[in-house]
Structure formats: structure tokens, C-alpha cells
Amino acid sequence: IGKTSLMREVARRLEGEFLAIHVDLQSASRPEDLVAELSVASREHRDLHRRVLDVGRGAIGSLEGLEYSELSLKIRDAATPDWQSKADRLLEEFVANTPPVVVYIDELAILVNRLLKGFDYVITPERIALVDPLMSWLRYSTIRHAHKIRFVIASSIGLGPVLAQARLSATINTFTAFPLAPWDRDTAMGALDALARALHVEWAPGGREALVDRLGVCIPHHVQVFWAHLQLDARRRNVFCVRPEDVERVFRADMLGPSGHAELSHYEE
């Protein structure tokens, strides 16, 4: 939770040194979608995008002036017969770019899980045969273009455990895992101070500590969800000082209620 924001912040800080391509595969349903999203994502960078369009122009024809969805659909359909060769040609354009490219791939595990399990959540040899070429292509690309293109993968579910279920763990052994730990206690309370100041809300003695104690594990999103419930409660009561007893009441009524429980259940699931 918060991975996309983190990737975009890294890209912002490296602007000028690296060119960032952000690919979101949350809605993807087949490998060809990766080719389409790589192509469309280059729109943020005019010169690179022009070269990317040249890659597909022979098979598709004119692509100028198309809306995002139309462009994505045309490229995906054109890539269907041989998506790997189309993807290879795209990466060649990325390799030739100055500054060097970082490809941020968001929700790859969602696509892999969808391909592996379908709607009945059953892994079959046929479904493995769809995922293996996709992940093997990605692995091969990291080796072929080492130090020329950087790939960063993030997903809201673990890619490793999903691939392990299909015995495809070796396809990500060229990647280095980056463990993103929850906030420690001091960081969480510092964030709560900043959030309160921004909305002119005060913490009574022990208020922040009560919130952190109740969460136990300070995942940034959960800290902010808890805070959102607390500040809404303060507004409703027109009392802008949050006490430990307010934290306990809101925890029981809201964080353990339908909306808060949904957030925590999503993380657990």
C-alpha cells in the first residue's frame, strides 16, 4: 500500500538522470496488454513516443491523434500474433534513449494471478503455459539489457508466492527484493502530528500513542485511514482535540466497523 506513490516519488527525484515509464497492469488480462501499456506509457516523453509509434506503424498504420484507449486497443491487437517480438523492439527503442529508461511495472502480480487462475482459481498446465513465456521474457530482458534498462516491479499482492504456486519462481531470480517495512512508532506519531496540524486539530496527551497502540503495526495507509475516521468524528462533534478515549471509541465504532474492517481485511487477504 503506497507503492505507486513511492515509485512516482523516486522517478521525480531521478528526473534528468533517468527517464521514467510507468506501466499499470491492474486491468490487464493477457500478455499483449504489456506491449500496449509500454507503448502508451511512453506518451509522457514525446521523442521516445514518436519512435515507439514507428515500431507499430507498419502493422497498424497511422496512430497519430488517437485517444489513449484507442491507441492501446490498436497496439494490443497488432501485438497479438507475436507479442514478444513487438516487446523486444520496444525495449530496443528504450535502450537507445538518453537518458536511460527505468520501467516501473505496477500490479504485475495481479496480471500473473489472473492468467494463472482464471475466474475459477484453478492453476492448469494451459494457464502456466501463458505465464511462463511472459515471465521468462521479462527475465531474459533484464539479462539482455543489464545496465541499460532498469525494471522496478511492485504489486499489491506478492509476486513470489503466486509464481511459486506454479513452480515458476526462477523467472524472477534476476530481481532483488526491496522489503518496504511499516512505519516505526516515532515515524507514525510524527505523521499524525503533521496530519493534525494541517487540519488544525490537537492531540490530547496520550492520543497519538493510543492510536499507534491500537493499530499495533503502523502500515502508512492504515494510520491515515484511522486518522481520517478520527478527524471526521471531531468535525461532527465540533471538538478539535483528540483524546485517548476518542481513539478507543472511533476504533471500535469505525475501524472495526464495516468501512475500516474492509480496509484491514483487504490487507489480511
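Since the structure is predicted, the reported quantities are computational estimates derived from the model, not experimental observations. (Residues numbered from 1 in each chain as written. Predicted model: local features only at pLDDT ≥ 70, side-chain atom pairs only at ≥ 80, totals over all residues. Heavy atoms only, no water.)

Quick look at the sheet that holds strand S1 (residues 19–24)
For the record, the criterion: Pairs of strands are assigned from DSSP output, requiring at least two bridges between the strands. Starting at the N terminus, helices and strands are each numbered in turn, a helix being any DSSP run of H or I of at least four residues and a strand any DSSP run of E of at least two. Angles here are taken between N-to-C directions and fall from 0 to 180 degrees, while the axes themselves are lines fitted to C-alpha atoms, restricted in helices to the stretch in contact. In what follows, residue pairs with any heavy atoms lying within 4.5 Å of each other are defined as contacts.
With parallel pairing, the 3 strands of this open sheet are ordered in space as S1-S2-S3. Unpaired on one side and paired on the other, S1 and strand S3 (149–154) mark the two borders of the sheet. Across the sheet, the axes of successive neighbouring strands diverge by a mean angle of 20°, strand direction being ignored. Examined bridge by bridge, strand S2 (residues 101–106) and S3 share 6 bridges and lie parallel to one another. Bridging across to S3, valine 101 finds its partner in isoleucine 149. Contacts from helix H1 (residues 3–13) reach S1, S2 and S3, with the element oriented near 170° to S2.

Comments concerning helix H7 (residues 125–144)
For an α-helix, the turn length of 3.6 residues means that residues three or four places apart are oriented alike. Formally: Multiplying 1.5 Å by the helix residue count minus one yields the expected span of that helix. Exposed residues in this analysis have more than 50% of their type's maximum accessible area, buried residues have under 20%, and partly exposed residues fall in between, with area computed by a 1.4 Å probe over protein chains only.
With 20 residues, H7 ought to run about 28 Å at 1.5 Å a step, and its terminal C-alpha atoms sit 28 Å apart, in line with that. What H7 keeps buried is the set Val131, Leu134, Met135, Trp137, Leu138, Ser141 and Thr142. Where H7 is buried, its residues touch helix H2 (32–41), helix H5 (83–95), S2, helix H6 (108–117), S3 and helix H8 (159–165).

What about the environment of valine 35?
Relative to the helices and strands, valine 35 is located in helix H2. Exposure remark for valine 35: the relative accessible area of 2% places this residue in the buried category. Residues valine 35 and alanine 87 lie 52 residues apart in sequence; the distance between their C-alpha atoms is 5.6 Å.

Observations regarding the pattern of salt bridges
Rules: Any carboxyl oxygen of Asp or Glu within 4 Å of a side-chain nitrogen of Lys or Arg constitutes a salt bridge here.
Across all of its chains, the model carries 18 salt bridges by this definition. The salt bridge partner of arginine 12 is glutamate 9, with a shortest N-O separation of 2.8 Å. In this pair, arginine 12 and glutamate 9 are both assigned in helix H1, 3 residues apart and thus about one turn of the helix distant. Note on glutamate 9: relative accessible area 26%, which makes it partly exposed. In this structure, the salt-bridge partner of aspartate 193 is arginine 208, at a minimum N-O distance of 2.8 Å.

Quick word on the environment of leucine 163
Structurally, the position occupied by leucine 163 is in helix H8. For leucine 163, a relative accessible area of 0% gives the class buried. Spatially, the C-alpha atoms of leucine 163 and leucine 116 are 8.8 Å apart, while their sequence positions differ by 47 residues. In this structure, leucine 163 is in contact with Val112, Val131, Met135, Leu168, Ser169, Thr171 and Ile172, ignoring residues within four places of it in sequence.

What about helix H10 (residues 207–215)?
Within H10, burial applies to Gly207, Arg208, Ala210, Leu211, Val212 and Leu215. Summarising the contacts, the buried residues of H10 are in contact with helix H9 (185–198), strand S4 (202–203), helix H11 (220–237), strand S5 (241–242) and helix H12 (244–255). Glycine 216 lies just past H10 and shows a positive phi near 80°.

Concerning the packing of aromatic side chains
Heads up, the rule is: Here is the rule: rings of Phe, Tyr and Trp (six-membered ring for Trp) pair when centre to centre is within 6.5 Å. Planes less than 30 degrees apart are stacked, more than 60 are edge-to-face, and the remainder are tilted.
Scanning the entire structure with this criterion turns up 3 aromatic pairs. Plain terms: the ring middles of tryptophan 83 and tryptophan 137 are 5.9 Å apart, the flat faces sit at 70° to each other, and that makes the pair edge-to-face. Separated by 54 residues along the polypeptide, tryptophan 83 in helix H5 and tryptophan 137 in helix H7 bring together distant segments of the chain. Across the pair, exposure class does not vary: tryptophan 83 and tryptophan 137 are buried alike. Seen from their ring centres, phenylalanine 226 and phenylalanine 251 are 5.8 Å apart, and the 35° between their planes marks the pair as tilted. On the criterion of sequence distance, the pair formed by phenylalanine 226 in helix H11 and phenylalanine 251 in helix H12 is long-range, its members being 25 residues apart. You can call phenylalanine 226 buried: its relative accessible area is 0%.

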